[in-house]
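Architecture at a glance
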Amino acid sequence: MTHGTSSTPDYTMGFGHEFVETMRRFTAQKNAAYLLPYLRPGLRILDFGCGPGTISVGLAQAVSPGELYGVDMEESQIDLARSVAEAAGQTNTIFQVADVADLPFEDDYFDVAHCHNVLMHVPDTEAVLAEVMRVLKPGGIIGCREMICESSFTVPDFGILRKAWDMFEDILATDDAHPQMGKELKDRLIKAGFANIRMNATFDMFDSAEEIEFIYRLVYAWFLSPSLREQAIGYGVTTRKLADDIAVAYERWRRDPGALLAVGYGEAIANKPFS
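Let me sum up the structure you'll find in this document. Per chain, residues are indexed from 1 in the order of the written sequence. Local features in this predicted model are restricted to residues of pLDDT 70 or higher, and side-chain atom pairs are both shown and tallied only at a pLDDT of 80 or more, whereas totals for entire chains, interfaces and linings draw on every residue. As a rule here, side-chain values cover all heavy atoms of the structure and leave hydrogens and water aside.

So, on to the overall build of the chain. Helix and strand content of the chain: ten helices and seven strands. Radius of gyration means the value over C-alpha atoms here, while the globule rule gives 2.2 Å times the residue count to the 0.38 power. Computed over the C-alpha atoms, the radius of gyration of the chain is 19 Å, within 12% of the 19 Å expected from 2.2 N^0.38 for a compact globule of 275 residues. Expressed along its principal axes, the backbone C-alpha trace of the chain runs to roughly 55 × 35 × 35 Å. Each residue's exposure class comes from its accessible area (1.4 Å probe, protein chains only) as a fraction of the maximum for that residue type: buried when under 20%, exposed when over 50%, partly exposed otherwise. Taking all 275 residues of the chain together, 54% fall into the buried category. The contact rule is simple, with two residues in contact once any of their heavy atoms fall within 4.5 Å. Taking the intrachain contacts of the chain between residues at least 6 apart in sequence as the baseline, contacts between residues at least 24 apart amount to 79%. Counting only carbon and sulfur atoms, one obtains 52% of the accessible surface of the chain, whose full area is about 11800 Å². Positive residues here are Lys and Arg, negative ones are Asp and Glu, while His and the chain termini are left out of the count. In plain terms, the charge of a residue is placed at NZ if it is Lys, CZ if Arg, CG if Asp and CD if Glu. Averaged over its 24 positive side-chain charges, the chain has a centre that lies 5 Å from the centre of its 40 negative ones. Secondary structure is summarised from DSSP: a helix means a run of H or I of at least four residues, a strand means a run of E of at least two, and numbering begins at the N terminus for each. For every accessible area listed, the method is Shrake-Rupley and the probe measures 1.4 Å; residues are considered covered only by the protein chains on display.

This is the structure we're talking about:
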């Protein structure tokens, strides 16, 4: 799948209301906490694949009066990011539509580069990391947080919801994405020429009544939507019966007092070498 003439693909999850709402729940304090200790006032930071900018504004606050540049392939996300920054009163942000594999910046321009759930959706991660390497200053930092699908889980499972995660992984892989990118980060960064790599793993946990209801709505609006079901059946990654059984299990899960869902992430910090 291609996005116009871009070397990056259409985002597998799309930009429907439910997924945009998921991204809007991300914040620097929750989802880039591993990177915040490396930030200080005056740095220039690139947020590539910035989405609606909810993480970006927290990063911008951490480097103020330095500047944050946010780029995304989707114009609607850039419009959202600008409005989020304006609402937060964060005036040191610049957002623009751009291809993460062909960045419109000069060499050695940024002190820090950040991404969240971006590399997992880009078929040619080598090209993206080479471009990020180009625009980082020698000694500059890259921070990446990417999903580990096989470490994510739903409780109670009812003997079937693991298969929903497997189906999700297969859909991503069919779209040339990388569902286990979070655990592949060290190897990818080494091969891209980065040094001094530091790894960690964390979970995003959804366990409150409001969060369970949100996940349930997301599952039904996207993952179990008629269009995606038919697409997944066409890909050969599920059957109609399995999709129906997963739908029944999520109905049970929604009502279960012990319900929770955890998304596993790998986190990496690395440096561009000085020579």
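Judged by pairing direction, the sheet is mixed, and its seven strands sit side by side in the order β3-β2-β1-β4-β5-β7-β6 without closing on themselves. The sheet is open, and its two borders are formed by β3 (93-97) and β6 (195-206), each paired with just one other strand. When strand polarity is set aside, the average angle formed by the axes of neighbouring strands in this sheet is 20°. Paired strands, in this sense, are two strands between which DSSP finds at least two bridges. Bridge count between strand β1 (residues 45-48) and strand β2 (residues 68-72): four bridges; the pairing is parallel. For L46, the partnering residue across the bridge sits in β2 and is Y69. The strands touched by helix α6 (residues 161-174) are β5 (136-155) and β7 (260-271); relative to β5, the strand with the most contacts, the crossing angle is about 140°. Axis definition: a line fitted to C-alpha atoms, limited for helices to the stretch in contact. Angles are taken between N-to-C directions and run from 0 to 180 degrees. Packed onto the sheet, helix α8 (residues 209-223) meets β6 and β7 and runs at close to 100° relative to β6.

The rule for a salt bridge is simple: a side-chain nitrogen of Lys or Arg has to be within 4 Å of a carboxyl oxygen of Asp or Glu. Applying the stated criterion to the full structure yields 18 salt bridges. Its salt-bridge partner being R145, residue D204 comes within 2.9 Å of it at the nearest N-O pair. Taken together, the positions of D204 in strand β6 and R145 in strand β5 put the pair 59 residues apart, joining distant regions of the chain. Judged by its relative accessible area of 1%, R145 falls in the buried class.

The geometry of α6 relative to helix α10 (residues 240-255) is characterised by a closest axis approach of 9 Å and an angle of 125° between their N-to-C directions. Relative to α10, α6 is oriented oblique. Once α6 is placed against α10, the crossing between them reads as left-handed. Here L161, K163, A164 and M167 of α6 come into contact with α10, specifically with L242, I246, A249, Y250 and W253. Its residues assigned to classes, the contact of α6 with α10 shows eight nonpolar, no polar and one charged. Oblique is the label for any angle not covered by the other classes, which are roughly parallel (under 35 degrees), roughly antiparallel (over 145) and roughly perpendicular (65 to 115). Crossing handedness is defined as follows: a turn of the near helix away from the far one that is anticlockwise and smaller than a right angle gives a left-handed crossing, while the clockwise case is right-handed. Any residue outside Ala, Val, Leu, Ile, Met, Phe, Trp, Tyr, Cys, Pro, Asp, Glu, Lys and Arg is labelled polar, Gly included; the first ten of those are nonpolar and the last four are charged.

This next bit is on the layout of surface pockets. Using a 1 Å grid laid over the protein atoms alone, points where a 1.4 Å probe fits but cannot get out form a cavity; open sets with protein on both sides within 12 Å along at least 5 of 7 lines form a pocket; any residue with an atom within 4 Å of a point counts as lining. Grid points are joined across faces, edges and corners, and a volume is the space filled by probe spheres set on the points. Considering only enclosed or pocket space, the largest pocket measures out at about 200 Å³ in volume. In terms of lining residues, the largest pocket is bounded by ten residues, among which R25, K30, D204, F206 and E211 are the most central. Mapped onto the lining of the largest pocket, the elements with two or more residues apiece are α2 (28-31), β6 and α8. Here the element with the most residues in the lining of the largest pocket is β6; it accounts for three residues.

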